[in-house]
Every structure is written in structure tokens, then in C-alpha cells.
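Listed below are the residues making up each chain.
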Amino acid sequence: MLEDKSYIDDSGVQDPKVCGLAGFVGTTLQMDRLDKRWKAILEKFEVPPEKGFHSDQFFHHEGFFKGWDTATWRAFLNHLLDAIYRSRVICIGGMVDVAYFKSLSEDERRWITGGFRGRQWDSEGSPSNPYFAAFQITVTGVAKNVPAGDKVTLIFDRQTQYENKARMTYNDMLTFNVPDVAGKLSDDLVFSSRFLAVALQAADLMAYQAYQHTFRRIEHGGSEVPMNYVLGQLFRSKHNMIFVNKESVEVLLADFHRLNPHGFRVKRGKKKKQFRVANREKEA
């Protein structure tokens, strides 16, 4: 059994329009190569390890990158993009249209944020938080891009806001044995610093660019928009980036509506409240 790794960062956690997660997955060898190449580039351009790369500062010419001339700035960026491409890792992620997410029914939001059910909700998901729609889609995408028989360890950039709930959601994915997913996941998530796990800086670049592209797409009514140069370079690699909108959610909800045409009960301790789900056949 081979051990794979995936490095994931978030973007737009508090944004009213876009919330998402993105990064890379690959074999341990591929991710270690990316880590080594990334560190060499930071050294070549004299970026201190304790500063590292951060997209928000870099693309706004702030912090350590303030005052860099255009030629140096572009050369540094192209070196980073080439390091990702040469490492042959897979781009992965899920970006959520927050307004569309909020337009769904509570039970639909529960379903796509990790709710699992028998006759009742055995796991309730996070219907008020689009972060966990992105989390569910990204973790699932990572697993589906790992070869059969391999196990993948997911390393997230350290953050305190959602770490505990993320671990609970991840454990539910293991417990309820999501098809083609649970058998490929390691026993626990890892949360680390981007200074210790340097490949998280590459994940930050991926998450930032995916967020910016999704924001532009929403500004244009949800239609496809041209990729900018950086995203185009990132997507030279194999990629599986999902935009959570009406079209993609219909696929995610297919089983939900098939299994629950007339509604079902939500289990909340000893109290049970009835929720109704519209029958698609009646709507037709």
C-alpha cells in the first residue's frame, strides 16, 4: 500500500460571495519533490523561510514582496508555477457560490455538507456553513484521485475556526463509509503551519487563484470566464476543481431526492422535527 499526501488551504471563509478549499494531491514522492523545489526557489530569490510565500501579499505587492521590480516578481512566480507542474501533482478543490448555497433548503444544505442518514439523520452536516460543502467536495475529490489500494493523508493549513468541526465531519466520512472515499483516507486529518509544511504555500496559491476565478465567474452571472495567466499555468497539470452552483449541486442531490421523495425526520437527540422535501416528480 502506497501513502499519498494532499495539501489543502482555504480561501474566502468569511466572504459573502465565494468560499472554498483548494490544493494538490499526489504521491509522497511527488509532494516531497514539490516541497524541495519550493524551498529552493525561496532560497534563490532570498525569501526568508519565516516569511515564505503568501498569495495575498504577493499579488498585492505587500509585505516582503513590496518594492520588487516587475522582472523579479514575474520570474519568481514562473519558477513557482514550473515547480508545481514539474512535480506532476493534481490540482484539487471545491469553490462554493455562497448565495446559491443559501438558496437551497436546509435539508439539501445538510446533505451536501456531510449529512448522512438511515431513516433519520445520523449525521447532521453543517447546513449554515458553505465551508463544509467545500470541505466535503474537496476531501471526496482528493480520495477519488488516489489510486485504488493507496491511503492519503490530508494536510490542511492550520486554523482554529473550523478545525474541530472539520475533524468531526472527516470522522463521519470514515464512519459512514462513503463509497470510493473512506477506504482511501488516513485515520485522521493533519493541521499544520505553512512554514513547517511548505507545500501548503503552493496550496495557498491554488486556493487564491481558484477563489479569484470563481469570484469573477459569479460577477458574470455564473457563466464561464477566461482563466487568467496564473490559473492557466496551474491547470496545465491534471485538475479536478468543482464550482458549486446549480448544475453541480443537482448531481450531488440526485440521491438525496431519490431516497427522500416525501420527507423524513431529522434526529436531534430526543427531539424530532419533521422536514419535508419536494418530490421532483410532482414538481414536474
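These figures come from a predicted structure and were not determined experimentally. (Residues numbered from 1 in each chain as written. Predicted model: local features only at pLDDT ≥ 70, side-chain atom pairs only at ≥ 80, totals over all residues. Heavy atoms only, no water.)

A few points about the pattern of salt bridges
Enumeration over the complete set of coordinates arrives at nine salt bridges. In this structure, the salt-bridge partner of Glu-219 is Lys-17, at a minimum N-O distance of 2.2 Å. Remark: Lys-17 occurs in the loop between strand E1 (3-11) and strand E2 (18-27) and Glu-219 occurs in helix H8 (residues 199-219); sequence separation between them is 202 residues. Where salt bridges share partners, they join Glu-106, Asp-107 and Arg-110 into one cluster. (Salt bridge = Lys/Arg side-chain N within 4 Å of Asp/Glu carboxyl O. Helix = DSSP H or I, 4+ residues; strand = E, 2+ residues; numbered from the N terminus.)

Digging into the packing of helix H6 (residues 131-144) against helix H7 (residues 163-175)
Two elements in contact, H6 and H7, have axes whose closest approach is 11 Å; the angle formed by their N-to-C orientations is 45°. In terms of axis orientation, H6 runs oblique to H7. Crossing of H6 against H7: the hand is right-handed. Residues Phe-132, Phe-135, Gln-136, Val-139 and Thr-140 of H6 form the contact with H7, whose participating residues are Lys-165, Ala-166, Thr-169, Tyr-170 and Met-173. A breakdown of the residues in the contact of H6 with H7 according to their chemical character gives six nonpolar, three polar and one charged. (Axes fitted to C-alpha atoms, helices over the stretch in contact; angles between N-to-C directions. Parallel < 35°, antiparallel > 145°, perpendicular 65-115°, else oblique. Left-handed = near helix turned anticlockwise from the far one by under 90°. Contact = heavy atoms within 4.5 Å. Nonpolar A, V, L, I, M, F, W, Y, C, P; charged D, E, K, R; others polar.)

Some points on H8
Look at H8: 31 Å from first C-alpha to last across 21 residues, which is about the 30 Å you get at 1.5 Å a residue. Of all 21 residues in H8, 17 are buried; the element is thus mostly enclosed. Where H8 ends, the next residue or the one after it, Gly-221, has phi of about 75°, a positive value. (Expected span 1.5 Å × (residues − 1). Buried < 20%, exposed > 50% of the residue type's maximum accessible area, 1.4 Å probe, protein only.)

Some thoughts on the nonpolar core
One finds Trp-38, Phe-76 and Leu-234 to be the most contacted residues of the largest nonpolar core, which totals 45 residues. Elements with a minimum of two residues in this core: E2, helix H1 (28-44), helix H2 (55-59), helix H3 (70-86), strand E3 (90-97), H8 and helix H9 (229-234). In contact with Phe-76, other than residues within four places in its own chain, are Ile-41, Leu-42, Phe-45, Val-47, Phe-53, Phe-58, Phe-65 and Trp-68. (Core = buried A, V, L, I, M, F, W, Y, C linked by side-chain atoms within 4.5 Å.)

Here we look at the confidence of the model for the protein chain
Chain-level pLDDT for the protein chain is 86 on average; 85% of the residues reach the 70-or-more range. Of the regions scoring below 50 in pLDDT, residues 264-284 engages in 50 contacts with residues more than four places distant in sequence or in other chains. (pLDDT = per-residue confidence, 0-100.)

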